[in-house]
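# Breakdown of the fold
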Amino acid sequence: MTIREIEAKSILRKYKKIDSWFISHYGMNLYRGCAHNCTYCDGKSEGYYVVGDFGKEVTVKINAIEILNRELDPKRKRIPFKRSLIMLGGGVGDTYQPVEKKYKLTKRALQLMYEYNFPVHILTKSTLVKRDIDIIKKINKQSVVIVSFSFSSVDDKISTIFEPGVPAPSERLRTLAFFKDEGIACGMFLLPVIPFITDTLELMEKSISKAKDINLDFIIFGGMTLKEGKQKDYFFNVLNKYNSKLIKKYQDIYKGKKWGEATDKYYGLINSRFNKIATKYKMPKRIPLALYKDILSENDLVTVILEHIDYLLKLKGKRSPYGYAAFSISQLKQPLTTMKEELQKIKGVGKTTENIISEILETGTSAYYEKLMML
Ligand code: SF4
């Protein structure tokens with residue numbers, strides 16, 4: 001493994017709007033590139049501009065903590081922070097990949113978030129996160145912390161082929177159970193399921209039932225993308241050795257779309273499969289409101305709930321106007337409570353959406369949303 005140390009100019013990345021998957025306005029990559037080298041990782045694709053040979057080289061932002069300390073200091077900010085969970089993980093490198101043992105950037109970033117009183121959402125595939133239990137518990141006592149692990153399934157054998165660099169799913173599950181025992185909210189990102197390999201009814205049910213067994217707070221589900229170029233070439237090379245007959249099936253669903261998406265028909269099929277199983281096991285399919293309702297501004301709370309409603313309806317194969325309304329609200333400058341009489345002037349907001357927004361502003365939730373989360 002080649003380690004490249006660089007000095008970064010900035011660390012904290014602000015999203016264009018609140019991300020309702022993670023309940024987050026901000027994220028960061030302390031490392032670029034990832035030694036875990038999962039075969040399907042989209043960090044390999046050219047569009048992410050990760051320098052060097054992905055999986056063999058990792059860039060470490062050695063001044064990250066110094067910069068982050070400046071960026072998180074509210075006294076230095078002209079525009080106040082938008083309240084939400086700060087995302088540690090995802091992106092183009094696992095925040096707990098092996099170099100973290102030496103550099104401890106993630107641990108030190110957590111310490112800063114504790115000092116500045118920010119809630120945090122950690123997403124990883126590495127059991128090294130257990131090392132930081134003390135600081136994670138301190139953040140949890142002060143505000144909120146969520147620890148999530150991503151899985152393509154809970155099958156250890158398949159994982160050794162497609163995720164050779166990470167702890168086995170059984171170890172990841174044990175680590176999640178450990179955090180749950182410590183009183184930390186935890187989630188499973190069943191993302192991505194690997195087409196025709198881990199997206200089967202049987203394996204998906206196994207993954208979801210294991211999540212239920214250890215009482216996880218939610219499961220976020222998603223299919224795989226496969227962008228033309230390095231990502232697809234690398235994956236096909238492994239797939240060919242695993243089962244060459246699958247290549248044709250992949251070519252039928254991955255048609256070279258810009259973002260590497262599979263066909264709508266395929267995503268529709270696995271989404272409906274997930275919906276049925278998660279409903280059977282009563283697993284929330286989005287981060288539950290109780291974990292973030294006291295953190296967000298009213299506009300963000302409405303945006304997130306509407307986006308969750310939109311997702312849950314589409315998961316059932318239904319049409320939804322709520323995504324468009326949510327986007328319009330996410331772009332507003334003034335608080336919704338000051339617009340109570342003119343909500344229908346917001347793009348995408350009709351009578352039904354207006355009623356849902358008013359209910360959220362009054363009660364902090366929506367009965368329709370809570371019902372959908374259970375179905
Ligand atoms: S752990 Fe995540 S970032 Fe790292 S290679 Fe796997 S999918 Fe990519």
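Below, the structure is looked at part by part. Computed from a prediction, not measured in an experiment: that's the story for all the values here. (Residues numbered from 1 in each chain as written. Predicted model: local features only at pLDDT ≥ 70, side-chain atom pairs only at ≥ 80, totals over all residues. Heavy atoms only, no water.)

## Concerning the pairing of strand β8 (residues 145–151)
Of all 7 residues that make up β8, 7 are buried, and the element is covered over most of its length. Of the two faces of β8, both are covered, the one formed by Val-145, Val-147, Phe-149 and Phe-151 as well as the one formed by Ile-146, Ser-148 and Ser-150. Read as a crossover between parallel neighbours, the route from strand β7 (residues 120–124) over helix α4 (residues 133–142) to β8 is right-handed. Note: β8 against strand β9 (residues 185–193), 6 bridges, orientation parallel. Paired with Val-147 across the strands is Cys-186, a residue of β9. (Buried < 20%, exposed > 50% of the residue type's maximum accessible area, 1.4 Å probe, protein only. Helix = DSSP H or I, 4+ residues; strand = E, 2+ residues; numbered from the N terminus. Right-handed = clockwise from strand over helix to strand, strands pointing away. Pairing = 2+ DSSP bridges.)

## Some remarks on the nonpolar core
Ranked by internal contacts, the top residues of the largest apolar core, which has 128 residues, are Ile-122, Phe-235, Tyr-250, Tyr-292 and Leu-306. A per-element tally of this core places helix α11 (residues 298–315) first, with 10 residues. Not counting chain neighbours up to four residues away, the residues in contact with Tyr-292 comprise Ile-23, Leu-85, Ile-287, Leu-301, Val-304, Ile-305, His-308 and Tyr-369. (Core = buried A, V, L, I, M, F, W, Y, C linked by side-chain atoms within 4.5 Å. Contact = heavy atoms within 4.5 Å.)

## Side note on the site of the ligand
Taken together, Cys-34, His-36, Asn-37, Cys-38, Cys-41, Gly-93, Asp-94 and Lys-125 make up the full set of residues near the ligand. In terms of residue class, the shell around the ligand is made up of 3 nonpolar, 3 polar and 2 charged. (Near = heavy atom within 4 Å. Nonpolar A, V, L, I, M, F, W, Y, C, P; charged D, E, K, R; others polar.)

## Remarks on the packing of aromatic side chains
Taken as a whole and assessed by the stated rule, the structure comprises 15 aromatic pairs. Look at Phe-162 and Tyr-242: their rings are 5.1 Å apart centre to centre, the planes differ by 75°, and that puts the pair in the edge-to-face class. Note that Phe-162 is positioned in helix α5 (residues 156–162) and Tyr-242 in helix α8 (residues 230–243), a separation of 80 residues in sequence. Since its relative accessible area comes to 35%, Tyr-242 is described here as partly exposed. Plain terms: the ring middles of Phe-196 and Tyr-266 are 6.0 Å apart, the flat faces sit at 55° to each other, and that makes the pair tilted. In this pair, Phe-196 is assigned in the loop between β9 and α7 (201–213) and Tyr-266 in helix α10 (residues 264–280), connecting sequence segments 70 residues apart. Accessibility expressed as a relative area gives 5% for Tyr-266, which makes it buried. (Phe/Tyr/Trp six-rings, centres within 6.5 Å; stacked < 30°, edge-to-face > 60°.)

## Comments concerning the sheet that holds strand β1 (residues 2–6)
Pairing in this open sheet of 3 strands is mixed, and the strands run β1-β5-β4 from one edge to the other. Edge strands, defined here as strands with exactly one partner in the open sheet, are β1 and β4 (31–32). Relative to strand β5 (residues 57–61), β1 is paired through 5 bridges, and the arrangement is parallel. Following the sheet pairing, Ile-3 is matched in β5 by Val-58.

## Quick look at the side chain of Asn-63
Secondary-structure assignment places Asn-63 in the loop between β5 and α1 (64–72). Those residues within four positions of Asn-63 in sequence are excluded, and the remaining contacts are Ile-6, Glu-7 and Ala-8.

## Overview of the sheet that holds strand β3 (residues 24–28)
Reading across from one edge, β2-β3-β6-β7-β8-β9-β10 is the order of the 7 strands in this open sheet, with mixed pairing throughout. Both edges of this open sheet fall to β2 (13–19) and β10 (218–223), since each of them pairs with a single strand only. Adjacent strand axes in the sheet meet at a mean angle of 25°, parallel and antiparallel pairs treated alike. Sheet strands touched by α4: β7 and β8. Its angle to β8, the strand with the most contacts, is close to 125°. Strand contacts of α11: β2, β3 and β10, with the helix running at about 65° to β2, the strand carrying the most contacts. (Axes fitted to C-alpha atoms, helices over the stretch in contact; angles between N-to-C directions.)

## Concerning the environment of Lys-61
Along the chain, Lys-61 falls in strand β5. Taking the C-alpha atoms as reference points, Lys-61 and Ser-10, 51 residues apart in sequence, are found 9.7 Å from one another.

## Quick word on the side chain of Thr-303
Within the secondary structure layout, Thr-303 lies in helix α11. Those residues within four positions of Thr-303 in sequence are excluded, and the remaining contacts are Ile-18, Ala-326, Ile-329 and Ser-330.

## Side note on the environment of Gln-142
Relative to the elements of secondary structure, Gln-142 occurs in helix α4. The spatial distance from the C-alpha of Gln-142 to the C-alpha of Leu-68 is 20 Å, given a sequence separation of 74 residues. Dropping the residues within four chain positions of it, Gln-142 is found in contact with Met-113, Tyr-114 and Asn-117. At a separation of 2.9 Å, a polar atom in the side chain of Gln-142 contacts the main-chain carbonyl oxygen of Tyr-114. Among the polar contacts listed, one links the side chain of Gln-142 to the side chain of Asn-117, at a separation of 3.3 Å. (Polar contact = N/O pair within 3.5 Å; in protein donor to acceptor, adjacent residues only side chain to side chain.)

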